[in-house]
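Residue-level listing of the chains:
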Amino acid sequence: MGKLILTSFVTLDGVMQAPGGPEEDTSGGFEHGGWSVPYGDEEFGRFMTGVISRADAFLLGRRTYEIFAGYWPKVTDPANPIASQLNSLPKYVASSSLTHADWNGTTVIAGELDKEVTALKERIDGELQVHGSGALAQSLFALDLVDTLHLLTFPVVLGSGRRLFGEGAVPTAFRHAAGSITGAGVAIHTYERVGRPTYGSY
């Protein structure tokens, strides 16, 4: 059975909205799009290339899918490892509003998320990867479907925007599996889900 691996970029105050550009996602009047770009150094690039090189398939939310589909199919250089993976591997879009997807290898899934994703994990031997996809990520956490979280925390505070873990998130415990900090100050940590938190007192 495969594992669901979620990679998320967040600010110090937990915002994950529109890390890649000013027009990426302005919903809710968000004006800080592109906040991750100044920190995208070589170490960051190597980490992301390594993550995507291990993918067997991708699961994306509608908004992230549309952003990716508007860019990556145009990158046709076979030497680009990220484009090669995204353009050649199976892609699944969780959406109740998307009726068709033109990007090669894409399947729209509109059924019950827990059943659809569990079935995908059963069909895949390796990594089913989720990138960005904030609303989908929150649903996957709520359903206990995320096995591994790559959390990249950028040294910036925005004060507004959609957060990865919002009010009402399901209490969940993780085990820290790996960590590093890039030269630009991005803290990269990998966590494995272990279940519900345990509690005590000092």
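Description of the structure in this document. All values derive from a computational prediction rather than experimental measurement.

Procedures and definitions
- Residues numbered from 1 in each chain as written.
- Predicted model: local features only at pLDDT ≥ 70, side-chain atom pairs only at ≥ 80, totals over all residues.
- Heavy atoms only, no water.
- Helix = DSSP H or I, 4+ residues; strand = E, 2+ residues; numbered from the N terminus.
- Rg over C-alpha atoms; globule rule 2.2 N^0.38 Å.
- Buried < 20%, exposed > 50% of the residue type's maximum accessible area, 1.4 Å probe, protein only.
- Contact = heavy atoms within 4.5 Å.
- Core = buried A, V, L, I, M, F, W, Y, C linked by side-chain atoms within 4.5 Å.
- Pairing = 2+ DSSP bridges.
- Axes fitted to C-alpha atoms, helices over the stretch in contact; angles between N-to-C directions.
- Phe/Tyr/Trp six-rings, centres within 6.5 Å; stacked < 30°, edge-to-face > 60°.
- Salt bridge = Lys/Arg side-chain N within 4 Å of Asp/Glu carboxyl O.

## Comments concerning the overall build of the chain
Assigned secondary structure in the chain consists of 5 helices and 8 strands. Starting at the N terminus and walking to the C terminus, you meet the elements of the chain as β-α-β-α-α-β-β-α-β-α-β-β-β. In terms of C-alpha radius of gyration, the chain reaches 17 Å, essentially the compact-globule figure of 17 Å for 202 residues. Along the first, second and third principal axes, the C-alpha atoms of the chain reach 55 × 40 × 35 Å. Scored against the burial criterion, the 202 residues of the chain give a buried share of 46%. Taking contacts inside the chain between residues at least 6 apart in sequence as the whole, the part at least 24 apart equals 69%.

## Examining the nonpolar core
Judged by nonpolar contacts, the single largest core of 24 residues is most densely connected at Leu 4, Leu 59, Val 117, Leu 128 and Leu 140. Those elements that place two or more of their residues in this core are β1 (3-11), β2 (55-61), β3 (91-94), α4 (113-123), β5 (127-131), α5 (134-142) and β6 (148-154). Per-element accounting of this core gives the leading share, 4 residues, to α5. When near neighbours in sequence (up to four residues on either side) are disregarded, Leu 128 contacts Lys 3, Leu 4, Ile 5, Ala 57, Phe 58, Leu 59, Val 117, Leu 120 and Lys 121. In this structure, Ala 18, Trp 35, Met 48 and Phe 154 belong to the second largest nonpolar core, which totals 16 residues.

## A closer look at the sheet that holds strand β4 (residues 106-109)
Strand order in the open sheet formed by 8 strands is β4-β3-β2-β5-β1-β6-β8-β7, and the pairing between neighbours is mixed. What marks the edges here is a single partner per strand, and that holds for β4 and β7 (173-181). This sheet shows a mean twist of 25° between the axes of neighbouring strands, independent of strand direction. As defined by bridge partners, β2 adjoins β3 across 4 bridges and the pair is classed as parallel. Across the sheet, residue Leu 60 finds its bridge partner in β3, namely Val 93.

## Let's talk about the packing of aromatic side chains
Scanning the entire structure with this criterion turns up 10 aromatic pairs. Judged by centre distance (5.4 Å) and plane angle (65°), the rings of Phe 9 and Phe 44 are edge-to-face. Remark: Phe 44 occurs in helix α1 (residues 42-53) and Phe 9 occurs in strand β1; sequence separation between them is 35 residues. For Phe 9, a relative accessible area of 19% translates into the label buried. Taking 4.8 Å as the distance between ring centres and 50° as the angle between the ring planes, the aromatic pair formed by Phe 141 and Phe 165 counts as tilted. Here the residue Phe 141 occupies a position in helix α5, and Phe 165 occupies one in the loop between β6 and β7, the gap between them amounting to 24 residues.

## Some details on the environment of Leu 98
Position of Leu 98 relative to the elements: it lies in the loop between β3 and β4. Once the C-alpha coordinates of Leu 98 and Ile 109 are considered, the two residues, 11 residues apart in sequence, prove to be 9.2 Å apart.

## Thoughts on the pattern of salt bridges
For the structure on display, the rule yields 10 salt bridges. Note that Glu 112 and Lys 115 form a salt bridge whose closest N and O atoms lie 3.8 Å from each other. Measuring nitrogen to oxygen at the nearest pair gives 3.7 Å for the salt bridge that ties Asp 147 to Arg 193. Of this pair, Asp 147 sits in the loop between α5 and β6 while Arg 193 sits in strand β8 (residues 187-195), and the two are 46 residues apart along the sequence. Given a relative accessible area of 17%, Asp 147 falls into the buried group. Note on Arg 193: relative accessible area 27%, which makes it partly exposed. Through salt bridges with shared partners, one network takes in Asp 25, Arg 63 and Arg 162.

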